[in-house]
Amino acid sequence: MAFAVSPRSTVIYPTCKYSSPPSKPYSRCGFSISCCSIDLQSTSLASNISRRCELVDLHEELVSYRKAWDLQKAIVKEKKVLIETNQEFPDTVIVLQHHPVFTLGTGSSVQYLNFNVQNSPYDVIRTERGGEVTYHGPGQLVMYPILNLRNHKMDLHWYLRALEEVVIRVLSSAFTIKASRLQKHTGVWVEDQKLAAIGIRVSNWITYHGLALNVAMDLSPFQRIIPCGIRDRGVGSIRSILEKDQAFNNSTRNEMCNADDSLLVDFAHRSLIQEFSEVFQLNLEPRLFYSSSSTDKE
């Protein structure tokens, strides 16, 4: 269940105020999600100071959900220890793709599954995040921010709106797709289709779990569930929106529409990292690169 350290990089301890390196790095590794217009000033931080943030970038790999979950919990545990000893530490963000999996939130109901759990096409995992059932799979970018909200804003409503703002900016700046929020439903929407689901957990003001952006994925598994428990709306992806709107006269969007899935994911990934950095005013630094084996399965 453990990741091997990638041969092209090494584990780098955070440059926090350690008297010595921690006795153990984040050793439990491997990688949840569920499932109002707001002005930019209320979404951005009041301070102009950029804080440090470790970037664990695995977006080119398919990582099992359980391993990603273990990695998040290990990092959260490490940060809690540092809080108890009054030591400073950077935030962390993990970016990756998952093997196909259905995940449920803490209070999720199985009534939103359109299949028998005992005969599921993919693993079904109940987690401690908020929200109802959702699906993760290849072609979907998953971002897990592990942030100390004491250094940002100790307000969960603000944090959820900030995550939505990241995705709204990505869709606008990278793909000229106009997205919005819905007052009663967390996430990011294009008309009646959800392109990004958000489900979080906060412990001692440390966040984990996060957001999932549908880029160029097979959407058919969503038909096996009631995504996020919302019956009267659908699920879309960047690819499906671009293909639907091919009549537009925009060379950049035409290029994106004709790009293969991996290029579309790479393009969305670069924008996601940039917009996350700007919204949360974080200086991202590559850290703790772990690599799963090619045989890693959910």
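Please refer to the structure placed before this passage.
These numbers were taken from a predicted model, which means no experiment stands behind them.

Chemist: Would you mind showing me how to read helix α2 (residues 65–84) here?
Modeler: Since there are 3.6 residues in each turn of an α-helix, residues three or four apart along the chain are aligned in direction. With 20 residues, α2 extends 29 Å between its outermost C-alpha atoms, agreeing within 8% with the 28 Å of an ideal straight helix rising 1.5 Å per residue. Positioned one or two residues after α2, Asn86 has a phi angle of 55°, which is positive.

Chemist: Just to check I follow, could you spell out the sheet that holds strand β6 (residues 134–136) for this structure?
Modeler: Each strand in a sheet pairs with another by means of backbone hydrogen bonds, the pair being arranged parallel or else antiparallel. Reading across the sheet, the 3 strands line up as β5-β4-β6 and stay open at both edges, with mixed pairing between neighbours. The two strands at the open ends of the sheet, each matched to only one other strand, are β5 (123–126) and β6. Across the sheet, the mean angle from the axis of one strand to that of its neighbour is 30°, orientation sign disregarded. With 4 bridges joining them, strand β4 (residues 101–104) and β5 adopt parallel strand pairing. Within the sheet, the bridge partner assigned to Phe102 lies in β5 and is Val124. Lying on the sheet, α2 is in contact with β4, β5 and β6; it crosses β5 at an angle near 25°.

Chemist: How should the environment of Phe267 be read in this particular structure?
Modeler: Looking at where Phe267 falls in the secondary structure, it is placed in helix α6 (residues 261–279). When its relative accessible area of 23% is taken as the criterion, Phe267 is described as partly exposed. The spatial distance from the C-alpha of Phe267 to the C-alpha of Val170 is 9.9 Å, given a sequence separation of 97 residues. Apart from residues no more than four positions distant in its own chain, Phe267 is found in contact with Ala174, Phe175 and Met256.

Chemist: I'm lost on the packing of aromatic side chains in this one. Help?
Modeler: Remark: the centre distance and the inter-plane angle together describe each pair of aromatic rings, the angle taken between the planes. Per the counting criterion, the structure on display carries 10 aromatic pairs. Taking the centre distance of 5.6 Å and the plane angle of 55° together, the rings of Phe102 and Tyr135 count as tilted. Residue Phe102 is found in strand β4, and its partner Tyr135 is found in strand β6; the two are separated by 33 residues along the sequence. Exposure remark for Phe102: the relative accessible area of 0% places this residue in the buried category. A relative accessible area of 4% places Tyr135 in the buried class. The interplanar angle of 40° and the centroid separation of 5.9 Å between the aromatic rings of Tyr122 and Tyr135 together place this pair among those described as tilted. Here the residue Tyr122 occupies a position in the loop between β4 and β5, and Tyr135 occupies one in strand β6, the gap between them amounting to 13 residues. Here the aromatic cluster, defined as three or more aromatic residues joined through ring pairs, consists of Phe102, Phe115, Tyr122, Tyr135 and Phe222. The lysine or arginine in question, Lys73, covers the ring of Trp69, its NZ or CZ lying 4.2 Å from the ring centre. The side chain of Arg233 reaches across the aromatic face of Trp189, ending 5.8 Å from its centre.

Rules and cut-offs
- Residues numbered from 1 in each chain as written.
- Predicted model: local features only at pLDDT ≥ 70, side-chain atom pairs only at ≥ 80, totals over all residues.
- Heavy atoms only, no water.
- Helix = DSSP H or I, 4+ residues; strand = E, 2+ residues; numbered from the N terminus.
- Expected span 1.5 Å × (residues − 1).
- Pairing = 2+ DSSP bridges.
- Axes fitted to C-alpha atoms, helices over the stretch in contact; angles between N-to-C directions.
- Contact = heavy atoms within 4.5 Å.
- Buried < 20%, exposed > 50% of the residue type's maximum accessible area, 1.4 Å probe, protein only.
- Phe/Tyr/Trp six-rings, centres within 6.5 Å; stacked < 30°, edge-to-face > 60°.
- Lys NZ or Arg CZ within 6 Å of the ring centre and 35° of its normal.

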